[in-house]
Amino acid sequence: MTVTASTSQARPPIQRWLVIWVLALAAVLVVFLLQDVVPWAVDYPASAVVPVADWVSALMGWIKSNLSWLTRSVTAMLGVPLDFALNLLAKNFKIGHGADAFVLPRLSWVGVCATAFIAGYAAGGRKLGMLVGGCFLYIALFGQWTSAMLTLALISIAVPFCILTGLFAGIWAWRKPWAERLIVSPALDLMQTIPTFAYLIPMLLLFGNSPVSAMIATAIFATPPMVRATMLGLTRVPLEIGEFSDMAGCTARQKLWRVLLPSARPTLMVGVNQVIMLALNMVIIASMIGAGGLGYDVLLALRALKVGEAMEAGLAIVALAIALDRLSQAIAHKQATGNVHRSSASPRFWRRYPNLTLAIAILAVTTLLGLFVPAFAAVPKAITFTTAPLWKAAVNWVTINFFDIIEAFRVALILNVLNPVRAFCEGFPWLGAVFLLGLAGYQLSGLRLAALVAALTAFCAITGLWEKTMATVYLCGISAFIACLIGIPIGLAAARSDRFEKIVTPVIDTLQVLPSFCFIIPVVMLFRVGDVTAMIATIAFAVVPAIRYTNHGIRQVPPALIEAAKVSGCTPRQTFFRLQLPLALPEIMLGVNQTILMALAMIIICAMVGTRDLGQEVFIALSKADSGRGIVAGLAIAFIGIVADRLFNAWTAKARARLG
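In this text, all values refer to a predicted model and were calculated from it rather than measured experimentally. (Residues numbered from 1 in each chain as written. Predicted model: local features only at pLDDT ≥ 70, side-chain atom pairs only at ≥ 80, totals over all residues. Heavy atoms only, no water.)

On a plain count of helices and strands, the chain comes out with 31 helices and 2 strands. Taking 26 Å as the expected radius of gyration for a compact globule of 660 residues, we find that the chain reaches 27 Å, a close match to that expectation. Each of the 660 residues in the chain was classed as buried or not, and the buried ones make up 46%. Long-range contacts, defined as pairs at least 24 residues apart, comprise 78% of the intrachain contacts of the chain with a sequence gap of at least 6. (Helix = DSSP H or I, 4+ residues; strand = E, 2+ residues; numbered from the N terminus. Rg over C-alpha atoms; globule rule 2.2 N^0.38 Å. Buried < 20%, exposed > 50% of the residue type's maximum accessible area, 1.4 Å probe, protein only. Contact = heavy atoms within 4.5 Å.)

This is the structure in structure tokens:
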């Protein structure tokens, strides 16, 4: 008896957990084999479904009926700056009514392109100015100007709102740790994992089909990075700076606004960059509820299967995304290095801000010229180009010459990979999944994580969405797995070769700024609609974090450890596999976590190309304005992301602690 007890205590924890997992998997297998005896443990009984969707629909209906005055007030208030921006950039100002109305033209396209060049030049020199100005000129010459300006107008109003809201929320969370722990962090997790489509449904119901609805949805979706950047930036400010401000006699308000926030400016500017890119991505998707712009052009072209028009609008989105991303990154870098140059200490505005003065002057002159010279007011059709016929011809040529190969690949993938994995996932017992994920949470972080993971997983079953949930897990899982198989080796190769890294970095930077719509267009052209199209588009969208985190993880291994390995006589291969790779594993797993979350976000958007999962539920709910159905499906998707995020973060924290 004593010997047995001592042997049990001496058994290594890893071996104990291995036994536990074998027993747990065996129990789940028994449940599956005995599903005729315990069918409720495999397929959640329909009679026990909790009607959460009906409750949410009733709540939204009550809000719409009793708080319509509030929604109308918000619409009217936000409509004023939004209408001004739309008129300034995309439409015209009309003063008066009827035939006597006086029309003031929108900003001249020539002036906007010149201003884009000046902004790029001021932020990053001539090369950046040529890039930013060239992107805007490309949009004009390819006939996408008005649509692009509609999109830019929405962003120009949504982004300042996101920045201010995120800044104040981040300050509050930084000052009140209990608020950050209990309110802000859970809210941010939900906001960042709920799919973009799910934001559109309550906005459509409460604010109608209008640009204001699209702007509000965009603002909600794009605010979290600014909140996180504010909390992180204030936390990273050295304690000495805060103590120095106290010694100087600063009040709490002066300390915050004149010392801490300026010190955190580099991190805040990174948050601004992320807000801009998320806002652009969301505005494109919000075209479904009245945003208009480039996203609406892509949507119409995809619905009509007009390949060329979809590709041109998609490339205009890419050009706008690259211009905004590079410009905001350059401004953030300039703020971080403190390279803010003032040409003169003169109080005169034009001497202190020569570039801004020049831009305003060019905009004013070219816009006034537009009253007399139509070529300044609107892009002349004579100088515009279209590549739509070329894209259509290229797709037709590929389809005609490679149809058999593409079709054979698509069918083989469906029959041999996708269908078997889907059947396995959809047949997996819901109770077994809840139990196994809870066990994983308990092993990694204890009872609290186990309860959270089990509860979120059970939600997907008790709301009657288990089959759709597993369809989402199957497609997201297989896409993320393939993205990691591609991305991690590329990241390893980039970490071991500076030359290869210089080739890879521009490619992944470009992939990272592409809005999600742009990944769907070329794949739909070749593979038509279905799970294969969704999988390929998702892999292309989600592969970037796997590459970037792997490369960064290998390169951040301390040089002193590498030198010690060389002194010990290790070969380069031994150093890599026995030192660098194990130490970089937590960072690589963070990349895997981000890959899964990005794959989940893209899978939902791929509901547009015929997938049958939770994304389809949200898409159908959007078309029917069924708020309860859409919000519950959106929560199920968010809970999948939160479960994956919590488990991977717990594993990473444990690995980091083990490696010291």
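Burial of nonpolar side chains together is a common tendency in soluble globular proteins. In this structure, Phe 136, Trp 145, Met 149, Leu 200 and Leu 320 are the most contacted members of the largest nonpolar core, which totals 181 residues. By residue number, the principal contributor to this core is helix H17 (residues 307-337), which donates 16 residues. Other than its neighbours up to four places away in sequence, Leu 320 contacts Phe 136, Ile 139, Ala 148, Thr 151, Leu 152, Leu 280 and Leu 294. Counting 6 residues, the second-largest nonpolar core is a separate cluster that includes Ala 495, Phe 576, Ala 584 and Ile 588. (Core = buried A, V, L, I, M, F, W, Y, C linked by side-chain atoms within 4.5 Å.)

This part covers the environment of Ala 636. When you line up the elements, Ala 636 lands in helix H31 (residues 627-659). Residues Ala 636 and Trp 466, spaced 170 residues apart in sequence, show a C-alpha to C-alpha distance of 9.3 Å.

By the definition in use, this model includes 8 salt bridges. Close ionic contact of Glu 407 with Arg 410 constitutes a salt bridge, the shortest N to O distance being 2.8 Å. Of this pair, Glu 407 and Arg 410 both sit in helix H21 (residues 388-426), 3 residues apart, which is roughly one turn of the helix. One salt-bridge network, in which partners are shared between bridges, spans Arg 422, Glu 426 and Asp 531. (Salt bridge = Lys/Arg side-chain N within 4 Å of Asp/Glu carboxyl O.)

This part takes up helix H23 (residues 447-462). Spanning 16 residues, H23 covers 22 Å between terminal C-alpha atoms, matching the ideal 22 Å at 1.5 Å per step. Turning to H23, its buried residues number three or more, namely Leu 449, Ala 450, Val 453, Ala 454, Leu 456, Thr 457, Ala 458, Phe 459, Cys 460 and Ala 461. Directly after H23, the chain includes Gly 464, whose backbone phi takes a positive value near 80 degrees. (Expected span 1.5 Å × (residues − 1).)

A few words on the side chain of Asn 551. Mapping Asn 551 onto the fold places it in helix H27 (residues 531-555). At 2.9 Å, the side chain of Asn 551 forms a polar contact with the side chain of Glu 501. (Polar contact = N/O pair within 3.5 Å; in protein donor to acceptor, adjacent residues only side chain to side chain.)

The subject of this paragraph is the environment of Val 592. Here Val 592 lies in helix H29 (residues 572-605). On a C-alpha basis, the gap between Val 592 and Asp 645 in space is 9.9 Å, while along the polypeptide they are 53 residues apart. In contact with Val 592, other than residues within four places in its own chain, are Cys 484, Ile 488 and Phe 648.

This part covers the state of the cysteines. Working definition: the covalent bond between the sulfur atoms of two cysteines is a disulfide. All told, the structure shown has 0 disulfides when counted by the stated rule. Considering cysteine sulfurs only, Cys 484 is the nearest to Cys 476, which forms no disulfide, with 10 Å between them. Taking the relative accessible area as the measure of exposure, Cys 484 reaches 12% and is therefore buried. (Disulfide = S-S within 2.5 Å.)

Within the structure shown, the criterion is met by 14 aromatic pairs. Ring centres of Tyr 138 and Phe 142 lie 4.5 Å apart, and the angle between their planes is 35 degrees; this geometry places the pair in the tilted category. You can call Tyr 138 partly exposed: its relative accessible area is 26%. Taking 6.0 Å as the distance between ring centres and 85 degrees as the angle between the ring planes, the aromatic pair formed by Trp 172 and Trp 178 counts as edge-to-face. Taken together through their ring pairs, the aromatic side chains of Tyr 138, Phe 142 and Phe 385 make up a single cluster. The cationic tip of Arg 496 hangs over the ring face of Phe 576; the distance from NZ or CZ to the ring centre is 4.4 Å. (Phe/Tyr/Trp six-rings, centres within 6.5 Å; stacked < 30°, edge-to-face > 60°. Lys NZ or Arg CZ within 6 Å of the ring centre and 35° of its normal.)

Among the structural elements, Gln 580 can be located in helix H29. Residue classification places Gln 580 among the buried positions, given a relative accessible area of 14%. Other than its neighbours up to four places away in sequence, Gln 580 contacts Ile 554, Val 557, Ile 562 and Thr 575.

The next subject is the environment of Arg 106. Tracing the chain through its elements places Arg 106 in the loop between strand E2 (102-104) and helix H6 (109-124). C-alpha of Arg 106 to C-alpha of Ala 377: the two residues are 271 residues apart in sequence and 7.3 Å apart in space. Leaving out residues up to four positions away in the same chain, Arg 106 has contacts with Asn 87, Leu 88, Leu 89, Ala 90, Lys 91, Asn 92, Trp 145, Thr 146, Thr 367, Ala 377 and Ala 378. Polar side-chain contacts of Arg 106 include one of 3.2 Å to the side chain of Thr 146.

This brings us to helix H19 (residues 354-369). Here H19 is 16 residues long and its end C-alpha atoms lie 22 Å apart, about the 22 Å a rise of 1.5 Å per residue gives. Burial in H19 covers these residues: Ala 359, Leu 363, Thr 366 and Thr 367. One face of H19 carries all of its buried residues, which in axial projection span an arc of 100 degrees. Buried residues along H19 sit in contact with H6 and helix H20 (374-377). (Arc of directions from axis to C-beta.)

Contact geometry of helix H5 (residues 68-89) with helix H8 (residues 145-175) gives a least axis separation of 9 Å together with a crossing angle of 145 degrees. The two elements H5 and H8 meet at a crossing, and its hand is right-handed. Across the interface between the two elements, Pro 81, Leu 82, Ala 85, Leu 86 and Leu 89 of H5 pack against Met 149, Leu 150, Leu 152, Ala 153, Leu 154, Ser 156 and Ile 157 of H8. (Axes fitted to C-alpha atoms, helices over the stretch in contact; angles between N-to-C directions. Left-handed = near helix turned anticlockwise from the far one by under 90°.)

Let us look at a nonpolar patch on the surface. A contiguous nonpolar patch, built from Leu 29, Val 30, Phe 32, Leu 33, Leu 34 and Val 37 and spanning about 560 Å² of accessible area, is present on the exposed surface. Looking at the element boundaries, Phe 32 is found in helix H2 (residues 13-33). (Patch = residues over 30% accessible without salt bridge, like charges linked within 9 Å, V, L, I, M, F, W, Y side chains within 5 Å. Areas by Shrake-Rupley, 256 points an atom, 1.4 Å probe, with all protein chains shown as cover.)

Attention now moves to the confidence of the model for the chain. Residues at a pLDDT of 70 or more form 94% of the chain, whose mean pLDDT is 84. The secondary-structure element of the chain with the lowest mean pLDDT is helix H1 (residues 2-10), recorded at 42, while H23 shows the highest, at 94. Note on residues 1-11: pLDDT under 50 across the span, and 3 contacts to partners over four residues away in sequence or across chains. (pLDDT = per-residue confidence, 0-100.)

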